[in-house]
Structures are given as C-alpha cells and as structure tokens.
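The residues making up each chain are set out below.
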Amino acid sequence: MESNSGYRRSTGSPRGEARRQELLERVTDDLAVNGLVDFSLRRAARAAGTTHKVLLYHFDGADDLLRQAVARLRQRRIDHAIASLSEERGPSTLAERVRVVWPMLMGEEPGLARVLDQAMGLAMYDPDRHRELGRHASAQYLPILTSLCPPEWSEDRKRGVAEMILACLRGFLLERLISGDRAGVEAGFESLLRALEREEQISAGDE
C-alpha cells in the first residue's frame, strides 16, 4: 500500500500496529507539552525517537498523524471526565452531571486545553485542510454528552440536548479565549444548567 508521499505503508500486522500505537503515544505526549505551533513530521519524528520515513510507513502524512494525536489527547480529556463522574458516585440529574464534567470538557488542564484550543483554531483557520479536527471532536464528545441524558428520553431528544450542550460549551470556550471573562462564562454556564433543569422538569411532567 502506498501513501501520498510515495512511501510504503504499514499493512496493519499486530506487530506493526503495536509499533504504530507506540509512536502515536510519543507524538501525543510531545503535543501535550509543546502544542501544535510549528508541528511537522520531522518534529514528530524527533519526539518519537525515529525518522520521518518510519512515521510515513505507519501514518498517511503529517496531517493524518496530527489528527490521530489530537484525537488521542481529546480522548484523555473524555476519560478524565468519565472518571470524575464515577468518583462523584453518579450525580442524579442531568444538570449535576454536566457540572461534574464541565472542568474537564472546558479544559482545566492547561497543557491539554491549549493543544485542543489550537486544534479548533486550525479547523476554523484552514477548514479545507483541517476540517476533520472539528468533525472528530463532535464525534468524540457527543456520545458522552448523550450518555448524561436521562435513559428514558428518546434518542432524538438525547441527541438534541447533547448538541445544545456541546454548542454552548464551545461558545463558552471561545468567549473565554476572546474576552478572558471567566466570570461571564461561569454565569452563562449556570444559565445552561438552569435550562437543563427545566428540560428535565418538562420531561417529568409529561410522564
């Protein structure tokens, strides 16, 4: 199998996949520390302790490697959010569950937050090249947000509310980055929680 660069690609053997995952983990760790600025295949190779030719054997170029590394960083954030829910012993309402995952999804870990913010910036700055960074984000976040909704809700209702939560959190993140007004963002978040409480009250009244 050939890549766009002309290098032979890995055929996906168990050994090759294990090596690919090892390289991806090293590049992901480098992104978490140094961010996306000046990211290149050669920088990734240095971080992984290999050569750019080896990376091109396992990945379809720098953009493919970047997408996969960002997705892995995002999954770390999601895993932390899920762990936080478990530690809280199952908050009883949707609003309470969203409050628990809020710090993780909004990026209270400085290094991780910086990288994922930069990734969204790339998706907006050059959508033709980096559109998948944004699409993959939605694909990763929506399932956990849907899972926070009451189990008795229809799938359409869960999806709609999850989309609303994701859109609001993204808006809050953008507002925080642009204005630096953390107090305003927190006030907006509290308003979102009140809206979610009303949504559940409406649901209870329909039963």
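Calculation notes
Residues numbered from 1 in each chain as written. Predicted model: local features only at pLDDT ≥ 70, side-chain atom pairs only at ≥ 80, totals over all residues. Heavy atoms only, no water. Salt bridge = Lys/Arg side-chain N within 4 Å of Asp/Glu carboxyl O. Helix = DSSP H or I, 4+ residues; strand = E, 2+ residues; numbered from the N terminus. Buried < 20%, exposed > 50% of the residue type's maximum accessible area, 1.4 Å probe, protein only. Core = buried A, V, L, I, M, F, W, Y, C linked by side-chain atoms within 4.5 Å. Contact = heavy atoms within 4.5 Å. Phe/Tyr/Trp six-rings, centres within 6.5 Å; stacked < 30°, edge-to-face > 60°.

Caption draft 1: Inspection of the pattern of salt bridges at higher detail. Per the counting criterion, the structure on display carries 12 salt bridges. A salt bridge links Glu25 to Arg76, with the shortest nitrogen-to-oxygen separation between them at 2.7 Å. In this pair, Glu25 is assigned in helix H1 (residues 14–34) and Arg76 in helix H4 (residues 62–87), connecting sequence segments 51 residues apart. In this structure Glu25 comes out as partly exposed when scored by relative accessible area, which is 32%. Overall, Arg76 belongs to the partly exposed group, its relative accessible area being 22%. Here the salt bridges share partners, and the residues they tie into one network are Glu25, Asp29, Arg72 and Arg76.

Caption draft 2: Up close: the nonpolar core. Judged by nonpolar contacts, the single largest core of 52 residues is most densely connected at Leu65 and Leu196. Take this core: its biggest share by element is eight residues, from H4. Discounting chain neighbours no more than four positions away, the residues touching Leu196 are Leu94, Ala95, Val98, Val161, Met164 and Ile165.

Caption draft 3: Layout of the environment of Leu192. Looking at the element boundaries, Leu192 is found in helix H9 (residues 182–206). Measuring from C-alpha to C-alpha, the distance between Leu192 and Leu169 comes to 9.2 Å, with 23 residues separating the pair along the chain. Beyond its immediate chain neighbours, meaning those up to four positions away, Leu192 contacts Met164, Cys168, Leu169 and Phe172.

Caption draft 4: Representation of the side chain of Gln140 in the model. With respect to the helices and strands, Gln140 occurs in helix H7 (residues 127–147). The class for Gln140 is buried, based on a relative accessible area of 18%. Setting aside anything within four residues of it in sequence, one finds Gln140 in contact with Ala71, Arg74, Gln75 and Ile78.

Caption draft 5: Highlighting the packing of aromatic side chains. The full count for this structure, using the stated rule, is two aromatic pairs. Look at Trp102 and Phe172: their rings are 6.2 Å apart centre to centre, the planes differ by 75°, and that puts the pair in the edge-to-face class. With Trp102 in helix H5 (residues 94–105) and Phe172 in helix H8 (residues 155–179), the pair connects residues that are 70 residues apart, well separated along the chain. Among the residues examined, Phe172 registers a relative accessible area of 16% and is labelled buried. Summarising the aromatic geometry, the rings of Trp102 and Phe189 are spaced 3.8 Å apart at their centres and angled 20° between planes, so their arrangement reads as stacked. Separated by 87 residues along the polypeptide, Trp102 in helix H5 and Phe189 in helix H9 bring together distant segments of the chain. The pair formed by Trp102 and Phe189 is uniform in burial state, with each residue classed as buried. In textbook terms, an aromatic cluster arises when at least three aromatic residues are bridged by ring pairs, as seen for Trp102, Phe172 and Phe189.

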